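Fold and contact review
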Amino acid sequence: MYDTKVGGYELIDEAAGLIREGEVVAFPTETVYGLGADATNEEAIKKIFIAKNRPLDNPFIVHLHDISAIEEVAELNEDAKKIFNAFSPGPITVVLKKKPCVPDIATANLDTVGIRIPSHPMAREFLKKCGRPIAAPSANLSKRVSPTECRYVYEDMNGRIPLILDGGSCEVGIESTVLSLAGEVPTVLRPGAITIEMIAKHLGTVKSHTGEVVVASSPGMKYTHYAPIVPCYLFKDVIKAKVAIDNWKEEGKKIAVLVREANICNFEENEVVSMGKTSEDIARNIFRLLRECEKYSDVIIIEGLKEEGLEASVMNRLLKSCGGKIL
Ligand code: TXA
Ligand code: MG
C-alpha cells in the first residue's frame, strides 16, 4: 500500500523522480488520465499491470514529449510523419513497428507500438522532465470507466500508486484515436476525437474500426471496457424508453436518464441528466456522468447519438458500456 500523494505542478519534479526510480505515476492528458511508467523498464511496467489489475495481453501506448523522440522507440514512415505533423501534440495514437528498447511486456508481445504525443500542458511538462518514453494506459482499474478527473483516478488508485498529478478535467473526455500505420492499409483501431474523415484528408484511404481485420489486430478490443457497475441501456425512441422506465420504477428501481440538452423536457426532472449541447460537450462529460450516475441509480438509460464524426466515437464507448443492450 502506498500513501498516495495528490497535487499539481509543484509535484512534477517529484513525479519525474519517481518515474526514474521505476515507480508508477498518474498524470492528466487532454483525453483521459494515464497511469505512467518508464516504457524501457520492465519492472516498472509490471507495476502498472498490478495497479490496474490488468491482463498481461493488452498493449500500452507509449507517450512522448515531441516528434523528435519517436525514432528512438519506433520506425517512423511517411504516412506517420504526415499524421504527427497534422495532429500532434493531440488526441491521436499511431501504431508503428517498434524498436528493441521497448520491452515485449509493454506491447503484449506485438512487434508494434502505439505512439502518442499528448497536448495537455501538464502532461507535456511531466514528459519533458521524465526525459524518457512513458508507457501509460488509462488510469482506471481494468474494465472500469476511464477517469476524466483527478478524483476518479483517486477513487480507483488510492493506495495502489505513490502519486497522482491533478491537471483538472480532461478537455476531450474520450481516449485517443488509435490509427495503425504498421500494416498495408491505414486502419483506425479505436475511433476518437481525431475522426476517420480528418485522417482520410491526409492519407486518402483509411479503413474504419468496424472492418474485421481491425478487431483481430487490436488486442484491447476484446475486453468489456467502460462498464459502469449498474446495467446501462441505449435508446433511440423516447416512447420505448419511457415504457421501460415505468416498468423499472414499478420494480422499485432508481433510474438515471442521460440525454442531449434539447431532450431534457421529455423526462422527469429528478431523473434526467444533460450530457451537454454539442458533440464536444457530450464527449467531455460522458465518462464523468457514468461515474456519477452509477453511484445513485440502479439502471442508466442513455440517448443514442449520431453515427458520424465525434459522436460516432462516443457511441463506440457507449455500446460497450451497455454491452450492446438497446431499448
Ligand atoms: O487517450 C488515450 O489513449 C489514453 C491516454 C492515457 O493516453 N490511453 C489509453 O490507453 O486509452 P489504454 O491502454 O486504456 O488503451 C490503449 C488501446 C489498447 O487497448 C489497444 O486496443 C490499443 O490502444 N493499442 C495500443 N498499442 C497497440 C498496438 N501495438 N497494436 C494495436 N493496438 C494497440
Ligand atoms: Mg483504458
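Starting from 1, residues in each chain are numbered consecutively following that chain's sequence as written. Just so you know, chain letters begin at A and ligand numbers begin at 1, following the order they were written in. In keeping with the model being predicted, local features are shown solely for residues with a pLDDT of at least 70 and side-chain atom pairs are shown and tallied solely at 80 or more, while totals for entire chains, interfaces and linings include all residues. With hydrogens and water excluded, all non-hydrogen atoms of the structure serve as input to the side-chain values.

Cis geometry marks the peptide bond from Ser-88 to Pro-89; its omega dihedral reads -5°. Counting from the N terminus, the helices are the DSSP runs of H or I reaching at least four residues and the strands are the DSSP runs of E reaching at least two. Locating Pro-89 in the fold gives a position in the loop between helix H4 (78-87) and strand E5 (92-97).

Moving on, we get to the sheet that holds strand E14 (residues 299-303). Within a sheet, neighbouring strands are paired by backbone hydrogen bonds and run either parallel or antiparallel to one another. Strand pairing is assigned whenever DSSP detects at least two bridges linking the two strands. If you walk across this open sheet you meet the four strands as E11-E14-E12-E13, and the pairing is parallel. Both outer strands of the open sheet, strand E11 (232-235) and strand E13 (272-274), are each paired with one neighbouring strand and no more. On average, each strand axis in the sheet is tilted by 25° relative to the strand beside it, whichever way the strands run. Here strand E12 (residues 255-259) pairs with E14 via four bridges, running parallel. Here an axis means a line fitted to C-alpha atoms, over the contact stretch when the element is a helix, while the angle between two N-to-C directions is reported on a 0 to 180 degree scale.

With burial as the criterion, each face of E11 is covered, one bearing Cys-232 and Leu-234 and the other bearing Tyr-233 and Phe-235. In the sheet, E11 pairs with E14 via four bridges, with the strands oriented parallel. Counted as the bridge partner of Tyr-233 is Ile-301 from E14. Type-normalised accessible area, obtained with a 1.4 Å probe on protein chains alone, sets the label of each residue: buried when under 20%, exposed when over 50%, and partly exposed for intermediate values.

Among the residues of helix H6 (residues 150-157), those classed as buried are Cys-150, Tyr-152, Val-153, Asp-156 and Met-157. Angularly, the buried residues of H6 cover 160° about the axis, an arc narrow enough to put them on a single face. On its buried face, H6 sits against strand E1 (5-7), strand E2 (25-27), strand E3 (34-38), helix H2 (42-52), strand E8 (163-165) and helix H10 (279-296). In the stretch just after H6, Gly-159 is the one whose phi turns positive, near 85°. The arc in question is the one traced by the directions running from the helix axis out to the C-beta atoms. Here, two residues are considered to be in contact whenever any of their heavy atoms come within 4.5 Å of each other.

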